[in-house]
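Spelled out, the chains give:
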Amino acid sequence: MPAVDLFSFVTRVRERAPLVHCLTNLVVTNFTANVLLALGAAPAMVVAREEVDEFAPIASALSVNLGTLDVPQTRAIRAAVEAANGAGKPWVLDPVAVGPLAFRTEFAFDLLDFKPAVIRGNASEIISLSGGAASARGVDSTAATDAALDAAQVLALKTQAVVAVTGATDYVTDGKAVIALSNGTPLMTRVTGVGCALSATVAAFVGTASGRDEFRDATVAAIAYSTIAGELAARDAALPGSFAVAYLDRLASLDRATFDKTLVQRDVVSG
Amino acid sequence: MPAVDLFSFVTRVRERAPLVHCLTNLVVTNFTANVLLALGAAPAMVVAREEVDEFAPIASALSVNLGTLDVPQTRAIRAAVEAANGAGKPWVLDPVAVGPLAFRTEFAFDLLDFKPAVIRGNASEIISLSGGAASARGVDSTAATDAALDAAQVLALKTQAVVAVTGATDYVTDGKAVIALSNGTPLMTRVTGVGCALSATVAAFVGTASGRDEFRDATVAAIAYSTIAGELAARDAALPGSFAVAYLDRLASLDRATFDKTLVQRDVVSG
Amino acid sequence: MPAVDLFSFVTRVRERAPLVHCLTNLVVTNFTANVLLALGAAPAMVVAREEVDEFAPIASALSVNLGTLDVPQTRAIRAAVEAANGAGKPWVLDPVAVGPLAFRTEFAFDLLDFKPAVIRGNASEIISLSGGAASARGVDSTAATDAALDAAQVLALKTQAVVAVTGATDYVTDGKAVIALSNGTPLMTRVTGVGCALSATVAAFVGTASGRDEFRDATVAAIAYSTIAGELAARDAALPGSFAVAYLDRLASLDRATFDKTLVQRDVVSG
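These figures come from a predicted structure and were not determined experimentally. (Residues numbered from 1 in each chain as written. Chains lettered and ligands numbered in written order. Predicted model: local features only at pLDDT ≥ 70, side-chain atom pairs only at ≥ 80, totals over all residues. Heavy atoms only, no water.)

## Some thoughts on the interface of chain B and chain C
Logical step 1: Contact residues are listed per partner, giving 26 residues for chain B and 27 residues for chain C.
Logical step 2: Interface area, chain B with chain C, both sides summed: about 2200 Å², of which 62% is carbon and sulfur.
Logical step 3: Between chain B and chain C we count 1 salt bridge in total.
Logical step 4: The tally of links from chain B across to chain C stands at 9 residue pairs in polar contact (both at pLDDT 80 or more).
Logical step 5: Secondary structure elements with two or more residues in the side of chain B that touches chain C: helix H2 (29–39), strand E2 (42–44), helix H3 (49–55) and helix H10 (240–253) of chain B.
Logical step 6: Take the side of chain B that touches chain C: its biggest share by element is 6 residues, from H2(B).
Logical step 7: Here the side of chain B that touches chain C is built from residues that sort into 17 nonpolar, 5 polar and 4 charged. (Contact = heavy atoms within 4.5 Å. Buried area = accessible area lost by both parts, 1.4 Å probe. Salt bridge = Lys/Arg side-chain N within 4 Å of Asp/Glu carboxyl O. Polar contact = N/O pair within 3.5 Å; in protein donor to acceptor, adjacent residues only side chain to side chain. Helix = DSSP H or I, 4+ residues; strand = E, 2+ residues; numbered from the N terminus. Nonpolar A, V, L, I, M, F, W, Y, C, P; charged D, E, K, R; others polar.)

## Some details on the pattern of salt bridges
Any two side chains of opposite charge can pair if their charged atoms end up close together.
Logical step 1: All told, the structure shown has 30 salt bridges over all chains when counted by the stated rule.
Logical step 2: The closest approach of N and O atoms between Arg216(A) and Asp174(A), which form a salt bridge, is 2.8 Å. One end of the pair, Arg216(A), is in helix H9 (residues 212–236); the other, Asp174(A), is in the loop between strand E7 (170–173) and strand E8 (178–181), with 42 residues separating them in the sequence. Here Arg216(A) matches Asp174(A) in class, with each residue buried.
Logical step 3: As a salt-bridge pair, Arg256(B) and Asp5(B) come within 3.0 Å of each other at their nearest N and O atoms. (Buried < 20%, exposed > 50% of the residue type's maximum accessible area, 1.4 Å probe, protein only.)

## Looking at the relation of the copies chain A and chain B
Logical step 1: For the pair chain A and chain B, the best superposition has an RMSD of 0.0 Å and corresponds to a rotation of 120° with a translation of 0.0 Å parallel to the axis. Put plainly, the chains are arranged around a three-fold axis. Within chain A, the C-alpha atom positioned nearest to the axis of rotation is that of Leu26(A), 4.1 Å from it.
Logical step 2: Taken as a fraction of all interface residues of chain A, those also at the interface in chain B reach only 8%, which identifies the copy contact as different-surface. (Least-squares fit on C-alpha atoms with pLDDT ≥ 70 in both.)

## A closer look at H9(A)
Logical step 1: Its 25 residues place the ends of H9(A) 36 Å apart at the C-alpha level, agreeing with the 36 Å of an ideal helix rising 1.5 Å per residue.
Logical step 2: Here H9(A) lies mainly inside the structure; 18 of its 25 residues are buried. (Expected span 1.5 Å × (residues − 1).)

## Observations regarding the sheet that holds strand E3 (residues 61–65) of chain B
All names here are of chain B.
Logical step 1: Pairing is mixed across the open sheet formed by 9 strands, whose spatial order is E2-E1-E3-E4-E5-E6-E7-E8-E9. For this open sheet the edge positions go to E2 and strand E9 (265–269), each flanked by a neighbour on one side alone. Strand-to-strand twist of the sheet, defined as the mean angle between neighbouring strand axes without regard to direction, takes the value 20°.
Logical step 2: The sheet contact formed by strand E6 (residues 162–165) and strand E7 (residues 170–173) spans 3 bridges and is antiparallel. From the neighbouring strand, Ala164 faces E7, where its bridge partner is Val172.
Logical step 3: Taken strand by strand, helix H4 (residues 71–86) contacts strand E1 (19–23), E3 and strand E4 (91–94), and its axis lies near 155° from that of E3. (Pairing = 2+ DSSP bridges. Axes fitted to C-alpha atoms, helices over the stretch in contact; angles between N-to-C directions.)

## Examining the confidence of the model for chain A
Residues and elements named next belong to chain A.
Logical step 1: Mean pLDDT over chain A stands at 94; residues scoring 70 or higher make up 95%.
Logical step 2: Here residues 136–140 is a poorly scored stretch, pLDDT under 50, and it has 20 contacts once near neighbours within four places are set aside; other chains count.
Logical step 3: Model confidence for the complex is summarised by a pTM of 0.96, with the ipTM given as 0.95. (pLDDT = per-residue confidence, 0-100.)

## Some points on the interface of chain A and chain B
Logical step 1: Facing the 26 residues of chain A at the interface are 27 residues of chain B.
Logical step 2: Interface area, chain A with chain B, both sides summed: about 2200 Å², of which 62% is carbon and sulfur.
Logical step 3: Among the residues chain A hides against chain B, the three largest losses belong to Leu37(A), Glu51(A) and Asp249(A). Together they make up 23% of the total.
Logical step 4: Where Glu51(A) meets Arg104(B), a salt bridge forms, and the shortest distance between an N and an O atom there is 2.6 Å.
Logical step 5: Sorting the residues of the side of chain A that touches chain B by element identifies helix H2 (29–39), strand E2 (42–44), helix H3 (49–55) and helix H10 (240–253) of chain A as the ones contributing at least two each.

## Some remarks on the relation of the copies chain B and chain C
Logical step 1: Overlaying chain B on chain C yields an RMSD of 0.0 Å, the required transformation being a rotation through 120° with an accompanying axial translation of 0.0 Å.
Logical step 2: The fraction of interface residues of chain B whose copies in chain C are also interface residues is only 8%, indicating that the copies meet through different surfaces.

## What about the UniProt feature "binding site: ATP" (unreviewed entry) in chain A?
All names here are of chain A.
Logical step 1: Within this numbering scheme, the UniProt entry marks Arg120 and Thr166 as carrying the feature "binding site: ATP" (unreviewed entry). These annotated residues cover 47 residues of sequence, and their C-alpha atoms lie no more than 7.3 Å from one another, placing them together at a single site.
Logical step 2: Taking the relative accessible area as the measure of exposure, Arg120 reaches 6% and is therefore buried.
Logical step 3: Excluding residues within four positions of it along the chain, Arg120 makes contact with Leu93, Asp94, Pro95, Ile126, Ala164, Thr166, Gly195, Cys196, Leu198 and Ser199.
Logical step 4: Separated by 2.5 Å, the side chains of Arg120 and Thr166 make a polar contact.
Logical step 5: By secondary structure assignment, the location of Thr166 is in the loop between strand E6 (162–165) and E7.
Logical step 6: On the basis of relative accessibility, which here comes to 12%, the residue Thr166 falls in the buried class.
Logical step 7: Contacts of Thr166, omitting those with residues within four sequence positions, involve Arg120, Gly121, Asn122, Ala123, Thr145, Leu198 and Ile223. (UniProt positions renumbered as here; feature names shortened; annotations may be inferred.)

## Comments concerning the packing of H10(A) against H10(B)
Logical step 1: One way to put it is that H10(A) packs onto H10(B) with a least axis distance of 6 Å and a crossing angle of 130°. Put simply, H10(A) runs oblique to H10(B). Facing H10(A), whose interface residues are Val245(A), Leu248(A), Asp249(A) and Ala252(A), H10(B) presents Pro240(B), Gly241(B), Ser242(B) and Val245(B).
Logical step 2: For the contact of H10(A) with H10(B), the per-class residue count stands at 5 nonpolar, 2 polar and 1 charged. (Parallel < 35°, antiparallel > 145°, perpendicular 65-115°, else oblique.)

## Regarding the UniProt feature "binding site: substrate" (unreviewed entry) in chain A
Logical step 1: The positions that UniProt labels "binding site: substrate" (unreviewed entry) are, in the present scheme, Met45(A) and Gly193(A).
Logical step 2: By secondary structure assignment, the location of Met45(A) is in the loop between E2 and H3.
Logical step 3: In this view, Met45(A) contacts Cys22(A), Thr24(A), Thr29(A), Thr32(A), Ala33(A), Val27(B), Gly67(B) and Thr68(B); residues no more than four positions away in its chain are not counted.
Logical step 4: Its place among the elements puts Gly193(A) in the loop between E8 and helix H8 (194–206).
Logical step 5: With a relative accessible area of 8%, Gly193(A) lands in the buried category.
Logical step 6: Gly193(A) has contacts with Val28(A) and Phe31(A), leaving out every residue within four places of it along the chain.

## Details of helix H8 (residues 194–206) of chain C
Logical step 1: If you check H8(C), its first and last C-alpha atoms are 18 Å apart, about what 13 residues at 1.5 Å a residue would give, namely 18 Å.
Logical step 2: Most of H8(C) sits out of view: 12 of its 13 residues are buried.

And the structure:
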């Protein structure tokens, strides 16, 4: 695969300020909105079944997160993904805690028919969604990401989505190419919503892209940008309260030279 | 208009700790509560249709924000504004994203019949609510505030509410007097909920006031206090994560001398 | 009562990372999750009636908070406490604003039949829940904690729960022993959700304990740990925005020596 200018997607986000429609969980709404604003994107949490149809054509992309799914939200999400598809807008699925909980797991499988552009989850979630048996205890990932690499490729081929498995090493695949990213810090797991906000960040990035190859590259760029910001923030602050603040500051200020210098990326399989 | 001692409203809030009943959106509940606590007010997010009647007489004021409106919330809001009116408590309307979305726009127009004491929005929202055609893409304001000044006056005369249009310059009008405020910082747009929390702050301030003239002055004081705190916080922190922290600290500590020295205010039309 | 090694519960939480199922209010979800993560526990906000049965056996403990109760949440909470009891997992009740609001007050009384392991509230809430008449104006406590000590003992004897009344002085009782704790800082009342997150912290601690004596000691340990972290954070930061950040940092880093040195505890009644 030829070298991709990943930072060009960051520049696009800052210049175009993509409006990201988020249907996400109750825990992370605020942090997700602040992450998107720090990036230069515009968050919009329009949640009612009555409004999502009308909002999809206005937004650049849709981010769906199942963290606190309930019945009214299933209706809003279904309407929103249909409206996004109708308007030709990409959407991202974050299948939080899919696997051990039947209600959300069935719903997540249903959503796979609605053509997500990207699916981003931890190893347990991606293994479960690909049809395998993962041992998860909810939002925690109990599997290392490389154990989910085969599952990610299977899921990408089955759904035609770009699939990202994130953890200590992050993998992004379109079913052919596999890119591995190794930036980040364990502190990103000590602040709630970092992973959920990353899915919304992927949505912001793919909201400036078109076609499957660009969706893949935009996903790589979003994860690289976020994990590099985290890695640098961990140099500013070693404890989770101040780390969360430093992370937002780094997301708002990370420049190309620092990004390129810090990036640790390799092609596992060249598509 | 004679000079008003704006800081006297700040002192009232700190001394009386007005209890502000907030029916707001899912993104900003936490930040709004922290802003109110920093000011010396007391937040109360009582959300159920079953409880709002009982709570209105206990609260000093009600703050209504339509950011993540859904059907159950429309019922709670309608009951809450009726109860507030019944108990003689002022309420503030923040018509988030009214204009492009029919469901909330119709609801917001219905609410105008329930005598809000203050309406605070961005230019697009105020233009839409006054019956004009604004081009908004949701929560973003795409119009400068001076373009909404006529609309604000029309809306104030029609509803008998004090109307505030906030942006780079903030305008407050009761349909006769128009006061312009020019404090603040663009960083206030990079943290989610600053505008929404400002509406709750207006509710805290009008919760210590009575009569339309005092509601107007209390609204001016609330906006002046918040934007000056923001302007000073931008001197403490240049990036959005640390700015949000500094903003809360400034809200909790801004004194009269600094307030008076920093205030940039002018009468556009003297009522 | 023999001296209890309170810090041993902190060590347990850090080593076992108890998964705490939280059904809490809309204002504090994010902060509660960050507090639990800072402690080394794992938060899980599974909210749907459809999912709580399945989740209870996976979690180590359940934390129930009535702050923004509505009808759907009453159904989820009732199912969750039954499932927790069925799975032998302890649960903690935080009866926010019980007393002045009939809907939640009736519901809270119903919940007493479902054997909470711990009830934590402010003085007004505990007095109300014990059947007395408190004068509360919602989330604020208007009574000093020592005025609620008798009520706490009555409630503990009636329900067989450990009861904690928190305020300037915190009391924990199982109906026989009464332990008083005097750490903390008034800044803890200037950040929303500190009290609510404390209840989830108690759940994390009792999630590593078994039997009523250990539940009592774990509750004392949770409150001591949180208030000492607050007291130390107040040395780092004197204003509420930066205090909230410092509090999370202290929760993540407080060590045994500092804990033991700072603890102010006395037995009021030795059980």
